[in-house]
Amino acid sequence: MTAHSNIYPTKALQELDAAHHWHPFSDMKSLNQEGSRVITHADGIWLTDSEGNRILDGMAGLWCVQVGHGRKEIADAVYKQMNELSYYNTFFKTTHPPAIALSEKLAKLAPDHINRVFYCSSGSEANDTVFRMVRTYWDKMGKPNKKVIIGRWNGYHGSTLAGTSLGGMKGMHQQGGLPVPGVHHIDQPYWFGEGHEMSPEEFGVFAARKLEEAIDEIGEDKVAAFIAEPIQGAGGVIIPPETYWPEIRRILDERDILFVSDEVICGFGRLGEWFGSTHYGMKPDLMPIAKGLTSGYLPMGGVMVSDRVAEGLMLSGEEFYHGYTYSGHPACAAAALANLEIIEREGLVERVKTDIGPYLKERWLKLGDHPLIGEARMTGLVGALELVPDKKNPHRPFKDVGTAGTICRDISFGNGMVMRAVRDSLIISPPLVLTHEEADILVKTAEKTLDETYQVLKRDGWIG
Ligand SMILES: *Cc1c(COP(=O)(O)O)cnc(C)c1O
């Protein structure tokens, strides 16, 4: 068959897919029996499947399509670049205009103390780069004992060896015997699930002090870095209490370790600033980026490097033995530049902060009144709904964690909208171009989905 066509019956496509295509993060046995949904087109915030159904993309692909689908100007920029220079590496003392232009642009957008970017092709590779970069930095600074990297349980930093290790997904650790040595995890600031015996403010400080305890236990002279997402995405849109980041900042200010803000989701406007760490007033030493950098039009990631780390790495004049064939790929850089230009021209970052963000939030939080919902939360354009069996006792989870979430997710798909299920929460992260009208459709569809899910759960004895 040819790549782009849906002239084949859906069933035939599903059979070929089941026979030959191994999907990421999937139970392939049951997926192959069920058959994948085939997406054939997308435009703006709308996907079209092989049956002609239109589906509201409440997840912006996979947290990445900031500018919406089908922007011709990105395709044109890539086409033009590929006709001029489709590929050359940046290893052999060479560079090219797209990599130069993108680096200058990113340095302008980043906080003042961050002026350089190392390129790769994904968020996972960015965090593999981080892993080697922070350890190498301390070697060069004459402190080779500083090797331990502290991450958080239920954090997500990608799926490669280093990404999985830095992340705190226990199921992922079990497959492959991870984490690698030298990674330590502290608890996450998940007030609804783990901290409700305190006020959110108390719990935020309590959770932050886990970092202080860990550094003191391991020894400041052995700790290289702390890595965290400003808001945990894949872990279930864990929005920390307002007291969390200020307390983390205090702890980091008092100790000489590097801070890595994983901006793969929170960067490029998701929280109403160019970078999520800016929203929380943090000053990172390194920022892994990917996803929204190109809005997913082509794969590209990077690590934004502060002057402190860059100068440290350059101290001895020795090579940093690290790089990827596709570091700074010209076509990907062209896609990123066109994408950033759209974000700037259409004021999407500001829009999230002052317009569509508050508009959607107001309506999303009202879903918290639904009998199935224990908590509705949102910051910028990323939000979650916690499904609970007993609203009067909201922190008590369902007996079989994950079932209610999956049922609700499937009902949402059936109602023409993608929401993602994490445990028994439903999460959204829509494109930043979402209009008010589309936000109304999103909330209405979510409401209908909750009503229907409630009925199914009641019928099957999960609630009441
Ligand atoms: C998605 C994600 C990654 C991994 O990015 P990939 O491009 O999938 O490798 C890393 N960190 C965070 C916070 C992410 O959400």
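Residues numbered from 1 in each chain as written. Predicted model: local features only at pLDDT ≥ 70, side-chain atom pairs only at ≥ 80, totals over all residues. Heavy atoms only, no water.

- In the nomenclature of an unreviewed UniProt entry, the chain corresponds to Omega-amino acid--pyruvate aminotransferase from the organism Roseibium aggregatum.
- Quoted verbatim from the Cofactor (unreviewed entry) field of the UniProt record, the comment on the chain reads "pyridoxal 5'-phosphate".
- In its Sequence similarities (unreviewed entry) section, the UniProt record describing the chain reads: "Belongs to the class-III pyridoxal-phosphate-dependent aminotransferase family." (UniProt positions renumbered as here; feature names shortened; annotations may be inferred.)

## So, the sheet that holds strand β11 (residues 373-379)
Then, in step 1: If you trace the four strands from one edge of the open sheet to the other, you get β11-β12-β14-β13, paired in antiparallel fashion. Across the chains shown, the open sheet's two edge strands, defined by having one partner strand only, are β11 and β13 (420-422). Adjacent strand axes in the sheet meet at a mean angle of 20°, parallel and antiparallel pairs treated alike.
Then, in step 2: In the sheet, strand β12 (residues 382-387) pairs with strand β14 (residues 425-428) via four bridges, with the strands oriented antiparallel. The partner of Gly383 across the bridge, within β14, is Ile428.
Then, in step 3: Where helix α17 (residues 403-414) meets the sheet, its contacts fall on β12, β13 and β14, and the angle it forms with β13 comes to roughly 180°. (Pairing = 2+ DSSP bridges. Helix = DSSP H or I, 4+ residues; strand = E, 2+ residues; numbered from the N terminus. Axes fitted to C-alpha atoms, helices over the stretch in contact; angles between N-to-C directions. Contact = heavy atoms within 4.5 Å.)

## Here we look at the packing of helix α4 (residues 72-84) against helix α14 (residues 330-345)
Then, in step 1: Interhelical geometry of α4 versus α14 gives an angle of 150° and a closest axis separation of 8 Å. Taken together, the axes of α4 and α14 lie roughly antiparallel to each other. The chirality of how α4 crosses α14 is right-handed. Residue-level inspection shows Glu73, Ile74, Ala77, Val78, Gln81 and Met82 of α4 in contact with α14, the latter providing Pro330, Ala331, Ala334, Ala335, Ala338, Asn339, Glu341, Ile342 and Arg345.
Then, in step 2: Grouping the constituent residues of the contact of α4 with α14 by class yields ten nonpolar, two polar and three charged. (Parallel < 35°, antiparallel > 145°, perpendicular 65-115°, else oblique. Left-handed = near helix turned anticlockwise from the far one by under 90°. Nonpolar A, V, L, I, M, F, W, Y, C, P; charged D, E, K, R; others polar.)

## Structural notes on a nonpolar patch on the surface
Then, in step 1: Together, Met1, Ile7, Tyr8 and Leu16 make up an exposed nonpolar region whose accessible area comes to about 430 Å².
Then, in step 2: Within the secondary structure, Met1 is located in the segment before α1 (10-20). (Patch = residues over 30% accessible without salt bridge, like charges linked within 9 Å, V, L, I, M, F, W, Y side chains within 5 Å. Areas by Shrake-Rupley, 256 points an atom, 1.4 Å probe, with all protein chains shown as cover. Salt bridge = Lys/Arg side-chain N within 4 Å of Asp/Glu carboxyl O.)

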